[in-house]
Amino acid sequence: MDNNEKKLSEYIDKLNAEKKPKEHDNPMDSPELEELMDTVRKVRSLREPALPDADYPKKLARAAGGQLRQKSATGERKWAWLAGTAAIAAVAVLVLMLNFVLYPGRTDIVYAMEQAYKEVGAYHGILSIVETNLKGEETLQAMREVWSDNEGRYFVKELEGFQKGVVTVNNGDKKWQVCPNEKKVYVFSAFPDPYRFTLELGNEINDVKDAAKIKPVGEDTVAGRRASVFEILPKGGEAYRIWIDKETKLPLQRQRAMTNAIQYRITYTSIEFSDNIPGEILAYDLPEGFEEIDNNPELLVNNIEEAGKIAGFTPKVPENVPDGYAKDSIAVAKGMKATKLSYVSENKKSRVIILQEKATDEFKPASTAVLGKVGNNTAEIQSPVQQSLGVLDGGILYSGMADICSIRWQESGFEYAVIGDAPMDELVLFIESIEKGPVEIPSGEETTEKPQIKIPVDLGVEENEQKSVDAGHSPWKLDPVYVAQVFVSLKISPEGIEGDYPVNYEDMKVIKNNGIDAIVEISGNATPVRRVYLKKLIRQDSTGIWTVIGYDPVA
Amino acid sequence: MLKEETFKKAQDGDLKSIEEICSSTWEAVYRFIYYKVQNRQEAEDMTQETYAKALSHFKDNSVKIEQYTGFLKTVALNILRDKWRKKKRRGVSVDIETIKPEETAVEDAAETSAQRELIRKALDSLNKEQRMVIELRILKGYSVKETARMMKKKESTIRVLQYRALQTLASILKSDD
């Protein structure tokens, strides 16, 4: 009986893991157990079924179509049939044929690459990424080992560079990133996975296919292989050059145009083709002593180009990294929509992050933030960060952490934030490295704007209020908008507020906040007050309460 | 809506047409299979086998378009039955010629709905502890360890409880057959 209880329990576990139990293939010697397993399936049928990944219908069509052609149906998993050809031989044969038809021109080079790539089940290569500056000085930025197949699975291992040792894998079921320095394995869903890695052959060919213009510019030798060089003008974006291997008709090297005084050249220093990626390369295995982190909101990438491809825009990069800081990492965060460039100080004590994303909403600063300017745009300045809005709201808790400051603003359809545990003037240096306009941080000087009607203040009462807030009561007094809302609401209903406030929080806008004085403007017709003037009377930091010192009535 | 031309092209092995057919019909077929096997891995494989068999058969015969999903489900059902039979070492191959898709489709919907009602009723007749263990382990998919923690019981007790609960359910469902 004990044994049957265990078997039944393992059967349930297997179904819960969405795997085929061995009992479905092998006959059971216990009719009772078989009946109970049948009952498990019946009960489980009340659940909504687990559906396959989004690309399943495509895989299904390819596999079923292949079987239709082959007219052989075995009971095994058949995804691999496409890769079942001897890829190297096929590429070679195809190339021989294509050599007769390939001459410079859009259709032919795209066609040749597409046909050659069709025959590739998988490939294994070593990529080098070289950075060239304006003086023509070259530095090897990274070396990476890559495996990729035509079903979207891949393996990338950073061999050299600032992310040395990091391994990123997508095996079709899950995607993970092994970070040896942190002893952590970050797990992501396998889909959607918009971008694999720089110079991934499939993506590269698609980019050329979609280009506005393709121009042959000559021949060259790359990594000992003869290559035709083409200049590609994408629809939107800068022209770049691509080297196509004359023998395999597949991309061998790409060089981007010089941007921000830096040019990248990515080269396959070696590449070989095979039927598929070896199983052990794609097997998920948590190394001993490593912690698995699920639902990681960030994905580390190797370079700006990868970050841009994933996020869907080219992020701004500091023209000159402020003295004393060095690049630490590049990541994509917030549902892969925001880029995150991290810099660390030489003594490793301070870290500054530049976050960027496409602006989706009108810029609304945090109600507790000091307001400044970046260029002509309003900037939200928080020291420390108290509310994580906009690009700061990315699943990572910046707010509530001591000594973390941020400056956030929008410019030409993008939202930016520079955030870090560094002094405010160092954050400003980072902003100046990506923005042309001046950065204005309020100095906290007395405001020149005076209320039409002054409200008398009892400092003794305010001191007691401050103590009460320090003890954890009425935290809303730290938010000038809430304080103004309560003030205006009591003007409307002097006898007290019941239910909802008569003026909405959304109708109130901070038009000035230098950290000591604030002015809140109220829109709409429901209010007798147009502007509320507030001041931090007791303590002038983020823990100081706001007090109403006057107001302007509706004219 | 799938066009007759798409089916014709699919018969000739045109990948785009096969993709079109698969993308508009796969979910009903997959759900039908999943309902029987209750795991994603097997359901994906069997859906694939179903399409391979159906398309292969389709190449030599003609089936009305509107009956296609019903036809696919019937192929799937026959593959399922065949598998169970083979498991019991009494292998019988699928006789695809005898399929009446319109019957399968109707039977399937009515049968499923009635079956679910019976299962729900059977679950209601379990005692509180038994029902809870079934809900946590099978309907919500918790592990024995998690279930034990939630029910404040030993893991071995959970295994005994779930075994007995399933025995009770099996006997209720059997008496309803």
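Because the structure is a prediction, the values reported are computed rather than measured. (Residues numbered from 1 in each chain as written. Chains lettered and ligands numbered in written order. Predicted model: local features only at pLDDT ≥ 70, side-chain atom pairs only at ≥ 80, totals over all residues.)

**Some points on helix α11 (residues 480-492) of chain A**
Residues and elements named next belong to chain A. Put simply, the rule reads: Secondary structure elements follow DSSP: runs of H or I of four or more residues count as helices, runs of E of two or more count as strands, with numbering from the N terminus. One less than the number of residues in a helix, times 1.5 Å, gives the span that helix is expected to have. Once C-beta atoms are placed from the backbone, each residue is buried if 20 or more other C-beta atoms lie within 10 Å of its own, exposed if 12 or fewer, and partly exposed for counts between those two. By definition, residues are in contact whenever their C-beta atoms, placed on the basis of the backbone, come within 7 Å of each other.
Its 13 residues give α11 an end-to-end C-alpha distance of 18 Å, which sits within 8% of 18 Å, the value for a rise of 1.5 Å per residue. Those residues of α11 lying buried are Pro480, Val481, Tyr482, Val483, Ala484, Gln485, Phe487 and Val488. The secondary structure elements touched by the buried residues of α11 are β23 (508-513), β24 (517-522), β25 (529-535) and β26 (547-553).

**Focus: the interface of chain A and chain B**
Taken residue by residue, the interface counts 46 residues in chain A and 48 residues in chain B. Counting only elements with at least two residues in the side of chain A that touches chain B, the list comes to α1 (2-16), α2 (31-44) and α3 (56-70) of chain A.

**Brief notes about the sheet that holds strand β16 (residues 351-358) of chain A**
Residue and element names in this part refer to chain A. Condition: Two strands pair under a simple rule: DSSP has to find at least two bridges between them. Note on geometry: axes are C-alpha line fits, over the in-contact stretch for helices, and angles between N-to-C directions span 0 to 180 degrees.
Pairing is antiparallel in the open sheet, where nine strands are placed in the order β13-β14-β15-β16-β20-β19-β18-β17-β21. Each end of this open sheet is capped by a strand with a single partner; those strands are β13 (299-301) and β21 (439-440). Strands in contact with helix α9 (residues 424-434) are β16, β17 (370-374), β19 (405-411), β20 (414-420) and β21; relative to β16, the strand with the most contacts, it is inclined by about 45°.

**Digging into the environment of Ser128(A)**
Residue and element names in this part refer to chain A. Counting through the fold element by element, Ser128 comes out in strand β1 (residues 122-133). Between the alpha carbons of Ser128 and Met143 there is a distance of 4.5 Å; along the sequence they are 15 residues apart. Once residues within four sequence positions are removed from consideration, Ser128 is found in contact with Leu140, Met143, Thr267 and Thr269.

**Remarks on the sheet that holds β26(A)**
All names here are of chain A. Here five strands make up an open sheet; going across it, the order is β22-β26-β25-β24-β23 and the pairing antiparallel. Sheet topology places β22 (453-454) and β23 at the edges, where each strand pairs with a single neighbour. One ladder, built from five bridges, connects β24 with β25; its direction is antiparallel. Across the sheet, the residue bridging to Ala518 is Leu534, located in β25. This element, α11, spans β23, β24, β25 and β26 of the sheet and lies at about 130° to β25.

**Regarding the pairing of β17(A)**
Residues and elements named next belong to chain A. In terms of burial, β17 is a largely internal element, four of the five residues being buried. Sheet topology note: the β17/strand β18 (residues 377-382) ladder contains five bridges and is antiparallel. Paired with Gly372 across the two strands is Ala379, which belongs to β18. In this structure, the hairpin formed by β17 and β18 is closed by a connection of two residues, where Gly375 is found at a positive phi of approximately 65°. Two elements, β17 and β21, share two bridges in a ladder whose sense is antiparallel. Along β21, the bridge assignment pairs Lys373 with Glu440.

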